[in-house]
Amino acid sequence: MPLLKNIGYLATCKDEGEQGDIYPIKNAAVVWEDSTIQWVGSQSDLPKKYTGHQTHDAEGKMVIPGLVDCHTHLGFGGWRPEEFAMRVRGESYLDIAKSGGGILSTVKATRQATEDELYEKACGFLQEMAKLGITTVECKSGYGLSVEHELKTLRVYRRLAQDQPMHIVPTFLGAHTIPPEYKDDREGYIDLVIEEMIPAVAEKELAEFCDIFTEESAFTIDESRRILVAAKAAGLTPKLHADQLTSCGGAELAAEVEAASADHLEKISDTGIKQMAKAGVVGVTLPLASLYTQEEPLNCRKLVEGGVEVAVATDFNPGSAPTFDLPLAIMLTCNQGRLSPVEVLKGATIYAAKAIRRDHRIGSIEKGKSADFAIIDAPNPDFWMYHYKGANCVGSFINGERIF
Ligand code: NIG
Ligand code: FE
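Residues numbered from 1 in each chain as written. Chains lettered and ligands numbered in written order. Predicted model: local features only at pLDDT ≥ 70, side-chain atom pairs only at ≥ 80, totals over all residues. Heavy atoms only, no water.

Turning to the environment of alanine 175, a few remarks are in order. Turning to its location among the elements, alanine 175 is positioned in strand β8 (residues 167-175). Setting aside its immediate chain neighbours within four residues, alanine 175 contacts Ile212, Phe213, Phe219 and Ile227. (Helix = DSSP H or I, 4+ residues; strand = E, 2+ residues; numbered from the N terminus. Contact = heavy atoms within 4.5 Å.)

Shown next, in the form of structure tokens:
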């Protein structure tokens, strides 16, 4: 049974207490067998039977559960650097989208890409993400917007899940925007999502979740409800991009359909907070998207005080969040979202695992959980985020295998 010892500070992040309770153990050790943790505790209490096996040395550093990026748009063709330059000079995300840029330009590039090309590109991202301490990635479709190309993207995720060490969680996002061929027939596209895409995705078991972009400029509350109710009936768990640009009742709808999470939420209403707390919907903050779209960041403290568990993710995509740097998103959630480093660490581990309904298996360092950890060259979470350095993950383990 492999052993990781000399852990100066172990953040267990078990699912108890409040947002800021990470239940640390100083001078700790962890033992696992195959992919599953068998023992966690103070090194001085390590049972004799666990010594003398394959030993990894954390050299007094901090060990955290493998980071969970619970919101990405990983599979896409092309890039959109020109839009970044336009936005920083003052053009808005919505105006760029209206003039033919935005999501639709990535749809064009994604449709042109082959399955192998999308696979290779995504593999490159996953390898870089593992070096940041990320061990689980939720991946949305949504740049295909036809039966053929949505299924193509989801098949890429299935291959990644089979071939790559990273844990992959696939989400269907056919209702990301209306594709150009349906621009004068919204109803026709919504029918296609409900009558063809959702049944095909469910039948082939290509996704666990169904997400939607609920927004004035994308899908209305009524359209979103219809799609999510159909998805739920087909066995997909709802998720929403909600209240990002306008306060339109997205959080309330998330509570109504018992979504696993509602994400973005910069414009969430007080009622939305109350209803999400009551329904146990995880709130996912995406500070990189606010940063890159020059929008006011979400005040996460308001959600935490209202009883919502807050997770943090990158929203990695080629438009509004073209980086997969989850530690940077964690740092922004401290400085702009007003959560302390321990609160955000819980948001990037066990609460992020809840947002993708994997908390029974990942997100904390406890007996019975997957042996996914990151070794961080910092003495504790406060110092990690205070003296922020992109490159202080010095080792990652997924399913007990050292992958970096
Ligand atoms: O999560 N909100 C919609 N979708 C993405 C943006 C996608 C894009 O710009 O390509 C988001 O921010
Ligand atoms: Fe997104």
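Still more ground to cover, so stick around.
As a further point, take the pairing of strand β10 (residues 237-242). For β10, a buried count of 6 out of 6 residues is recorded, marking the element as mostly surrounded by other parts of the structure. Two strands pair when backbone bridges link them, and strand β9 (residues 209-212) and β10 are joined in this way by 2 bridges, in the parallel orientation. Paired with cysteine 210 across the two strands is proline 238, which belongs to β10. Read from β9 through helix α7 (residues 221-233) to β10, the crossover connection turns out right-handed. Bridging between β10 and strand β11 (residues 261-264) involves 4 bridges; their strand directions are parallel. Its bridge partner lying in β11, alanine 242 is registered against histidine 264. (Buried < 20%, exposed > 50% of the residue type's maximum accessible area, 1.4 Å probe, protein only. Pairing = 2+ DSSP bridges. Right-handed = clockwise from strand over helix to strand, strands pointing away.)

Right, let's get into the nonpolar core. Of all hydrophobic cores here, the largest spans 117 residues; its most connected members are Leu74, Leu160 and Ile227. Domain assignment of the residues forming this core places at least three in each of domain 1 (3-65 + 364-402) and domain 2 (67-355). If we skip the residues at most four places from it in the chain, leucine 74 touches Ala122, Phe125, Leu126, Met129, Cys139, Lys140, Tyr157, Leu160 and Phe316. Counting residues in each nonpolar core, the second largest holds 14 residues, with Leu10, Trp32, Ile37 and Phe397 among its members. (Core = buried A, V, L, I, M, F, W, Y, C linked by side-chain atoms within 4.5 Å. Domains from an automatic or database assignment.)

Quick look at the site of ligand 1 now. Lining the immediate environment of ligand 1, one finds 15 residues, of which Arg80, Tyr93, Tyr143, His176 and Ser320 sit closest. The contact in question runs from an oxygen atom of ligand 1 to an N or O atom on the side chain of aspartate 315, over 2.9 Å. In the complex, 100% of the free accessible area of ligand 1, which totals 330 Å², lies under the protein chains. Among the cavities detected, the one that contains ligand 1 is the largest cavity. Residue composition of the shell around ligand 1, grouped by class: 4 nonpolar, 9 polar and 2 charged. (Near = heavy atom within 4 Å. Polar contact = N/O pair within 3.5 Å; in protein donor to acceptor, adjacent residues only side chain to side chain. Areas by Shrake-Rupley, 256 points an atom, 1.4 Å probe, with all protein chains shown as cover. 1 Å grid on protein atoms, 1.4 Å probe; cavity = no way out; pocket = protein on both sides within 12 Å on 5 of 7 lines; lining within 4 Å. Sits in = over half its atoms within 2 Å of the grid points. Nonpolar A, V, L, I, M, F, W, Y, C, P; charged D, E, K, R; others polar.)

To continue, consider the domain arrangement of the protein. With domains assigned, the protein is organised as domain 1 (3-65 + 364-402) and domain 2 (67-355). Between the C-alpha centres of domain 1 and domain 2 there is a distance of 29 Å. Regarding the contact of domain 1 and domain 2, the summed buried area is about 2300 Å², with carbon and sulfur atoms giving 65% of it. Interface area lost by domain 1 to domain 2 is led by Gln19, Tyr388 and Ile398, which between them contribute 31%. For the interface between domain 1 and domain 2, the tally reads 11 residue pairs in polar contact (both at pLDDT 80 or more). (Buried area = accessible area lost by both parts, 1.4 Å probe.)

The subject of this paragraph is the pattern of salt bridges. Considering all chains together, one arrives at 20 salt bridges under this definition. With a shortest N-O distance of 3.3 Å, lysine 61 and glutamate 59 are connected by a salt bridge. The class for glutamate 59 is exposed, based on a relative accessible area of 59%. Measuring nitrogen to oxygen at the nearest pair gives 3.0 Å for the salt bridge that ties glutamate 309 to lysine 354. A residue pair is termed long-range when its members are at least 10 positions apart, and glutamate 309 in the loop between α11 (300-305) and β13 (310-312) and lysine 354 in helix α14 (residues 350-355) qualify at 45 residues. Taking the relative accessible area as the measure of exposure, lysine 354 reaches 17% and is therefore buried. Taken together, the shared-partner salt bridges connect Asp15, Glu309 and Lys354 into one network. (Salt bridge = Lys/Arg side-chain N within 4 Å of Asp/Glu carboxyl O.)

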